[in-house]
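Overview (structure and organization)
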Amino acid sequence: MTSLTLGAVLRRAALAGLFAGVAASIVALAVVEPQIDNALVIEEARSAGSTHEDPVFGRSTQVVGGMIAAIAVAVCLALVVGVVFARVRHRLPAATDFGRAALLAFLGFTTLALLPGLKYPANPPGVGDPETVTARTVQYLTLIAAAVAITWLAFLVHDRLAARPWPPAYRAAIGVAVAAVGYTALLMTWPATPDSVPADIPAALLWDFRLASLAELAALWTVFGLSFGLLLTPRRVPVAVAA
Amino acid sequence: MAAPTAEASTATRIHVPVAAWLIVAFALLAVFVLLQLNSTAFAEQIHEFTHDGRHALGVPCH
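Computed from a predicted structure; not experimentally measured. Positions within a chain are numbered from 1, following the residues in the order the chain's sequence is written. All chains are assigned letters beginning at A, and all ligands numbers beginning at 1, according to the order in which they are written. Only residues with pLDDT of at least 70 get local features here, since the model is predicted, and only at 80 or more are side-chain atom pairs given and counted; chain-wide, interface and lining totals rely on the full set of residues. Here the side-chain values reflect all heavy atoms present in the structure, with hydrogen atoms and water set aside.

1. Focus on the environment of alanine 192 of chain A
Residue and element names in this part refer to chain A. Per the convention used, a helix needs a DSSP run of H or I reaching at least four residues, while a strand needs a run of E reaching at least two, with both numbered from the N terminus. With respect to the helices and strands, alanine 192 occurs in the loop between α5 (168-189) and α6 (203-232). Separated by 73 residues in the primary sequence, alanine 192 and lysine 119 place their C-alpha atoms 7.7 Å from one another. Residues within four places of alanine 192 in sequence aside, it is in contact with Tyr120 and Gln139. Here, residues are in contact when the closest pair of their heavy atoms is within 4.5 Å.

2. Brief notes about the packing of aromatic side chains
Residues and elements named next belong to chain A. Ring pairs are drawn from Phe, Tyr and Trp, using the six-membered ring of Trp, whenever the two centres fall within 6.5 Å, and their geometry is named by plane angle: stacked under 30 degrees, edge-to-face over 60, tilted for the rest. A complete count under the given rule lists 5 aromatic pairs over all chains for this structure. Between the aromatic rings of phenylalanine 85 and phenylalanine 228, the centroid separation amounts to 5.2 Å while the plane-to-plane angle is 70°, which identifies the pairing as edge-to-face. Within this pair, whereas phenylalanine 85 is found in helix α2 (residues 59-88), its partner phenylalanine 228 is found in helix α6, the two being separated by 143 residues in sequence. The exposure class assigned to phenylalanine 85 is buried, which follows from its relative accessible area of 0%. Burial classes: relative accessible area under 20% of the type maximum marks a residue as buried, over 50% as exposed, and values in between as partly exposed (1.4 Å probe, protein chains only). We classify phenylalanine 228 as buried; its relative accessible area is 0%. Ring plane angle 20° and centroid distance 5.2 Å describe the contact between phenylalanine 224 and phenylalanine 228, whose orientation is recorded as stacked. Pair noted here: phenylalanine 224 and phenylalanine 228 are both in helix α6, with a separation of 4 residues, about one helical turn. Through successive ring pairs, a cluster of aromatic residues spans Phe85, Trp221, Phe224 and Phe228.

3. Quick notes on the layout of surface pockets
Estimates place the volume of the largest pocket at around 1300 Å³. Cavities and pockets were defined on a 1 Å grid built from protein atoms only: a cavity is a group of points that admits a 1.4 Å probe but offers it no way out, a pocket is an open group of points flanked by protein on both sides within 12 Å along at least five of seven lines, and a lining residue is one with an atom within 4 Å of any such point. For the largest pocket, the lining is made up of 48 residues, of which Gly108, Thr111, Leu112, Ile144 and Val148 of chain A are closest to its centre. Elements with a minimum of two residues in the lining of the largest pocket: α2, α3 (97-119), α4 (133-160) and α6 of chain A together with α1 (20-35) of chain B. When the residues that make up the lining of the largest pocket are grouped by side-chain class, the tally is 37 nonpolar, 7 polar and 4 charged. Shared between two domains, the lining of the largest pocket takes at least three residues from each, and those domains are domain 1 (1-47 + 62-127 + 200-234) and domain 2 (128-196) of chain A. Grid points are joined across faces, edges and corners, and a volume is the space filled by probe spheres set on the points. Only Asp, Glu, Lys and Arg are considered charged, only Ala, Val, Leu, Ile, Met, Phe, Trp, Tyr, Cys and Pro nonpolar, and every remaining residue, Gly among them, polar. For each domain, the first and last residues come from an automatic or database assignment.

4. Considering the UniProt feature "transmembrane region" (unreviewed entry) in chain A
Residue and element names in this part refer to chain A. UniProt positions are given in the numbering used here, feature names are shortened, and annotations may be inferred rather than shown by experiment. Residues annotated in UniProt with the feature "transmembrane region" (unreviewed entry) correspond here to residues 12-32, 63-86, 98-118, 138-157, 169-191 and 211-232. Across residues 169-191 one finds 91% helix and 0% strand; the C-alpha atoms that close the span lie 35 Å apart. Taken end to end, residues 211-232 comprises 100% helix and 0% strand; its first and last C-alpha atoms sit 31 Å apart.

5. Some points on empty space enclosed by the protein
Going through the model one piece at a time under the given rule, you end up with 1 cavity of 30 Å³ or more. The volume enclosed by the largest cavity comes to roughly 60 Å³. Within the residue set of the lining of the largest cavity, elements represented by two or more residues are α1 (6-47) and α2 of chain A together with α3 (51-56) of chain B. Tallied by class, the residues present in the lining of the largest cavity amount to 6 nonpolar, 3 polar and 3 charged.

6. Considering the domain arrangement of chain A
Residue and element names in this part refer to chain A. Here the domain parsing of chain A yields domain 1 (1-47 + 62-127 + 200-234) and domain 2 (128-196). Each of domain 1 and domain 2 was reduced to a C-alpha centroid, and the two centroids are 19 Å apart. Opposite the 15 residues of domain 1 that make contact, domain 2 presents 20 residues. A simple way to read buried area is as the amount of 1.4 Å-probe accessible surface that goes missing from two parts once joined, with both sides added. Note on domain 1 versus domain 2: buried area summed over both sides is about 1500 Å², and carbon and sulfur give 69% of it. Of all residues in domain 1, the largest losses of buried area upon contact with domain 2 belong to Leu115, Lys119 and Tyr120, amounting jointly to 41% of the total for that side. By convention in these notes, a salt bridge is any Lys or Arg side-chain nitrogen within 4 Å of a carboxyl oxygen on Asp or Glu. In this assembly, domain 1 and domain 2 are joined by 1 salt bridge.

7. Describing α5 of chain A
Residues and elements named next belong to chain A. Expected helix span is given by 1.5 Å per residue-to-residue step, counting one fewer step than there are residues. The terminal C-alpha atoms of α5 lie 32 Å apart, and with 22 residues this matches the ideal 32 Å at 1.5 Å per residue to within 8%. For α5, the full list of buried residues reads Arg171, Gly175, Ala179, Gly182, Tyr183 and Leu186. On an axial view of α5, the arc spanned by its buried residues comes to 100°, and they lie on one face. In α5, the exposed residues that point more than 90 degrees away from the buried face are Ala169, Val176, Val181 and Met188. Think of the arc as the fan of directions from the helix axis to the C-beta atoms.

And the structure:
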């Protein structure tokens, strides 16, 4: 077995990130953009009659910009995960690099997308208050930082228990329990968003938008985990010597 | 030549130089500029360009 180098890991991570970003932007185009259009109709109706400020970019530019942003963000996150993968590969509890990549991608989705998405659900245009955007950004980023810390703590507990003569499944179950309790504690203690949803935003639009946003993030992390894992998998299965 | 055995469950350690964390820092900074930066004139251009992406990726926005 040839040993992996950091460069080889990062090249594969970057390519997987590119695939993930393309997949995410296709999902965005298919399911998120229609909801953004619905929200913009409401925003338009709100400002009807008042003087309109010229948008910096047209709608089609923003759609393309959103896709480019998804791809760029996916590649950047992939590089981060790639370095983390190289650093912790020998400690991840999976039998193959495919399993290790899938595990890291699952943790990435949980800590960077699902948890903040549950506490501070995605909102279409016309919901967020521009006055509170900095406060909301701080809430969102500190929650993610704390979720990453909890994940790290769960692995720390998992590794510390290695000295005990227990089956690996016991340690895995305890590690998952530590993470689950920790994540729940974060969701309960982090402050609620200062914004309230304007009355003219239908509940169905919020729900559809939030589901669509999660679908995009799930597509990003699923495609990243699968393609990163596949790219790390040797092309040829070692041929077993016939007995 | 000895056939390689099935991949062991304990993988070999990959050397990660300290400089590699610069890549992490740079990548996270890029994500921050793309998705989070809000308060400068330059940020307004970025904000408007990546606006749909920010909403779609669930980042706080207005």
